[in-house]
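Here is what each chain is made of, one letter per residue.
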Amino acid sequence: MPNYWLFKSEPSSFSLDDLKSRPDATEHWDGVRNFQARNFLRDQVQVGDQVLFYHSNTAEPGVVGIAEVVRSGYPDFTAFDPNSKYFDPKSSPERPTWYMVDVRFVRELPRPVTLAELRTIPELSGMALLNRSRLSVQPVREEEWERIMRLAGL
């Protein structure tokens, strides 16, 4: 059984369309610099897990698509590159601090499910997004996933 996750990205930095346009519609999910989110990527996110792709910091934030994890956690090499905006001088290949996974585009949702809409659904009131909204990688319960898929028209 796959696990379900919600990954947030600002569309001005990396959008669902950006993922879709990558070779094999696959890209590493780098730059996560929160320890709880890092722990999810390092320890729990696995190949085959399903991901809600969430556009944040936009006029109408919300779930816009689905991705699948195709490589489980490995050291985020952008932390080792002094020219990267994600550089961390305390992280090294020998003692990595930050991790990433690879995700592949699966599909756009027939319609986005906005944050405002999610807030109106009583069954979703316990969802991490609605309670720890700043976390960029969040677990999603199977019943939450299924409800969001129905809202999106799937």
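Since this is a predicted model, take the numbers as computed values, not measurements. (Residues numbered from 1 in each chain as written. Predicted model: local features only at pLDDT ≥ 70, side-chain atom pairs only at ≥ 80, totals over all residues. Heavy atoms only, no water.)

**Quick look at the packing of aromatic side chains**
Rules: Only Phe, Tyr and Trp rings take part, Trp by its six-membered ring, and two of them pair if their centres are within 6.5 Å. Stacked means planes under 30 degrees apart, edge-to-face means over 60, and tilted covers everything else. Runs of E in the DSSP output that reach at least two residues are strands. Runs of H or I that reach at least four are helices, and both are numbered from the N terminus. Exposed residues in this analysis have more than 50% of their type's maximum accessible area, buried residues have under 20%, and partly exposed residues fall in between, with area computed by a 1.4 Å probe over protein chains only.
In the structure shown here, the tally under the stated rule is seven aromatic pairs. Centroid distance Tyr4 to Trp145: 4.7 Å. Interplanar angle 35 degrees. Geometry classified as tilted. Taken together, the residues span a long stretch of sequence, with Tyr4 in strand E1 (residues 4-9) and Trp145 in helix H5 (residues 142-152) at a distance of 141 residues. Aromatic side chains Phe14 and Trp29 sit 6.1 Å apart centroid to centroid with 85 degrees between the ring planes, which places their arrangement in the edge-to-face category. Taken together, the positions of Phe14 in the loop between E1 and helix H1 (16-21) and Trp29 in strand E2 (residues 26-29) put the pair 15 residues apart, joining distant regions of the chain. Trp29 carries the same exposure label as Phe14, and that label is buried. Linked through ring pairs, Phe7, Phe14, Trp29 and Phe53 together constitute an aromatic cluster.

**Digging into unusual backbone geometry**
The phi dihedral of Ala25 falls on the positive side, at around 55 degrees, and the residue is not glycine. Among the structural elements, Ala25 can be located in the loop between H1 and E2. Accessibility expressed as a relative area gives 14% for Ala25, which makes it buried. Of note, Asn57 is a non-glycine position whose phi angle comes to about 50 degrees, a positive value. Relative to the helices and strands, Asn57 resides in the loop between strand E3 (50-55) and strand E4 (62-75).

**A closer look at the UniProt feature "domain: EVE" (unreviewed entry) in the protein**
Using the following cut-off: UniProt positions are given in the numbering used here, feature names are shortened, and annotations may be inferred rather than shown by experiment.
Under the UniProt annotation, the feature "domain: EVE" (unreviewed entry) is placed at residues 3-150. Helix makes up 22% of residues 3-150 and strand 34%, whereas the separation of the span's terminal C-alpha atoms amounts to 18 Å.

**Considerations on the environment of Phe87**
Here is the rule: Note on definitions: a residue-residue contact is assigned when non-hydrogen atoms from the two residues lie within 4.5 Å.
Here Phe87 lies in the loop between E4 and strand E5 (99-114). Between the C-alpha atom of Phe87 and that of Arg141, which follows or precedes it by 54 residues, the distance is 33 Å. In this structure Phe87 touches Thr78, Ala79, Phe80, Asp81 and Pro82, once residues within four positions along its chain are discounted.

**Thoughts on the layout of surface pockets**
Here is the rule: Only protein atoms enter the 1 Å grid, on which a cavity is a set of points fitting a 1.4 Å probe that cannot get out and a pocket is an open set with protein on both sides within 12 Å along at least 5 of 7 lines, lining residues being those with an atom within 4 Å of a point. Grid points are joined across faces, edges and corners, and a volume is the space filled by probe spheres set on the points.
Considered as a void within the structure, the largest pocket measures approximately 690 Å³ in volume. Lining the largest pocket are 22 residues, with Lys8, Ser9, Glu10, Asp30 and Tyr86 positioned closest to its centre. Ranked by the residues each element gives to the lining of the largest pocket, the list is headed by E2, at three residues.

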